[in-house]
Amino acid sequence: MRKIILVLLVIAGICFWWHADKTEIKNAGAAGTTIVAFGDSLTYGQGAARDKTYPAVLAQLTGKEVVNLGLNGDTAAHAPRRLEQALEHKPYMVLIEFGGNDFMRSVPFEQSIAAVEEMVERVQASGAVAVIVDTGGYYGMKKYTKAYKKIARAKGALFVPGILDGIFGKRGLMSDQIHPNAEGYKLVADKVYAHIKPYV
């Protein structure tokens, strides 16, 4: 009898933890179909043809329009200045991918994180689903991953972890030391799609 009670308590605890940890995504189910990919050179698709970038492949996977607003060299700290370009598309969902250039250019970490949080809030205020796309744990990016995950949970945003994990550093998947090639971007698109699929 005690064993049965103990098992039931464990199951109840697991269920409570699962429901408590599950983030309710803000604006899920809202009107609209357009997805905007807003980011730096990884979103732009440096190292691949225009039809082989991750947003282009994502459009094929979702069957929806995916607008590529990636900008080579852009930083999270600078990106809020051009976010209105993304919102002009009246998107259902905005994929926010930044951090690598902030790290390499030694932009103050707190400034970068505050900018990502601002973008999430502005995207949500427009009625769209905000998605934080994390590049992964290479170099010194782990602290960004941790901060992005925290923002996503607090704000009700989707979080896509480590899009370059398993790709970065593999010659067959990279066009240079930083950017994937066409095959690498296909894997990136697959990772993003796996996380946003329930909401598109």
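Here is what the cut-offs are and how they apply
- Within each chain, residues carry numbers counting from 1 in the order of the written sequence.
- The predicted nature of this model means local features are confined to residues of pLDDT at least 70 and side-chain atom pairs, given and counted, to a pLDDT of 80 or more, with totals for whole chains, interfaces and linings taken over all residues.
- In computing side-chain values, all of the structure's heavy atoms are included and hydrogens and water are not.
- Only runs of H or I of at least four residues qualify as helices and only runs of E of at least two qualify as strands under DSSP, and these elements are numbered from the N terminus.
- Partly exposed residues are those whose accessible area sits between 20% and 50% of the maximum for their type, while under 20% is buried and over 50% is exposed, using a 1.4 Å probe and protein chains only.
- Note on contacts: a residue pair is in contact if any heavy atoms of the two residues lie within 4.5 Å.
- Only the protein chains shown count as cover for residues, and the accessible areas themselves come from Shrake-Rupley with a 1.4 Å probe.
- Salt-bridge detection follows one rule: a side-chain nitrogen of Lys or Arg within 4 Å of a carboxyl oxygen of Asp or Glu.
- To define axes, lines are fitted to C-alpha atoms, for helices over the stretch in contact only, and angles between the resulting N-to-C directions are given on a 0 to 180 degree scale.
- Roughly parallel means an angle under 35 degrees; roughly antiparallel means over 145; roughly perpendicular covers 65 to 115; every other angle is labelled oblique.
- We call a crossing left-handed when the near helix sits turned anticlockwise from the far one by less than a right angle, and right-handed when that turn is clockwise.
- Residue polarity is assigned by list, with Asp, Glu, Lys and Arg as charged and Ala, Val, Leu, Ile, Met, Phe, Trp, Tyr, Cys and Pro as nonpolar; anything else, Gly included, falls into the polar class.
- The aromatic pairing rule takes the rings of Phe, Tyr and Trp, using the six-membered ring of Trp, and pairs them if the centres are within 6.5 Å, calling planes under 30 degrees apart stacked, those over 60 edge-to-face and the rest tilted.
- The rule for a charge over a ring is simple: NZ of Lys or CZ of Arg within 6 Å of the ring centre, and within 35 degrees of the ring normal.

S.K.: Which residues make up the overall build of the protein chain, and what are the values?
M.R.: Secondary structure summary: the protein chain contains 8 helices and 5 strands in total. Beginning at the N terminus, the succession of helices and strands in the protein chain can be written as α-β-α-α-β-α-β-α-α-β-α-β-α. Looking at the protein chain as a whole, 46% of its 200 residues qualify as buried. A sequence separation of at least 24 residues applies to 78% of the contacts in the protein chain between residues at least 6 apart. Entry remark: accessible area of the protein chain is about 10,300 Å², with carbon and sulfur atoms responsible for 57%.

S.K.: Please provide a residue-by-residue account of the pattern of salt bridges, values included.
M.R.: A full pass over the atoms with the stated rule returns 6 salt bridges. Among the ionic pairs, Arg82 bridges to Asp74, the shortest N-O distance being 2.6 Å. Its relative accessible area of 9% is what places Arg82 among the buried residues. Taken together, the shared-partner salt bridges in this structure form one network comprising Glu84, Glu118 and Arg122.

S.K.: Tell me about the packing of helix α6 (residues 109–125) against helix α7 (residues 142–155), and please be specific about residues and values.
M.R.: At a minimum axis distance of 11 Å, the contact between α6 and α7 shows a crossing angle of 30 degrees. Viewed along their axes, α6 and α7 adopt a mutual orientation that is roughly parallel. Crossing hand, α6 versus α7: right-handed. Seen from α6, the contacting residues are Phe109, Ser112, Ile113, Val116, Glu117, Val120, Glu121 and Gln124; seen from α7, they are Lys143, Tyr144, Ala147, Tyr148, Ile151 and Lys155. Grouping the amino acids of the contact of α6 with α7 by side-chain chemistry returns 8 nonpolar, 2 polar and 4 charged.

S.K.: So, the packing of aromatic side chains: which residues are in play, and what are the values?
M.R.: In the structure shown here, the tally under the stated rule is 3 aromatic pairs. Both rings, one in Phe38 and one in Phe98, keep their centres 5.4 Å apart while their planes meet at 70 degrees; by these two values the pair is edge-to-face. With Phe38 in strand β1 (residues 35–39) and Phe98 in the loop between β3 (93–97) and α5 (100–104), this pair connects stretches of sequence that are 60 residues apart. Exposure class is identical for Phe38 and Phe98. Each is buried. Three or more aromatic residues link up through ring pairs in this structure, and these residues are Phe109, Tyr144 and Tyr148. When the ring centre of Tyr44 is taken as reference, the NZ or CZ atom of Arg50 above it lies at 4.0 Å.

In short, shape yes, function no, at least from these values alone.
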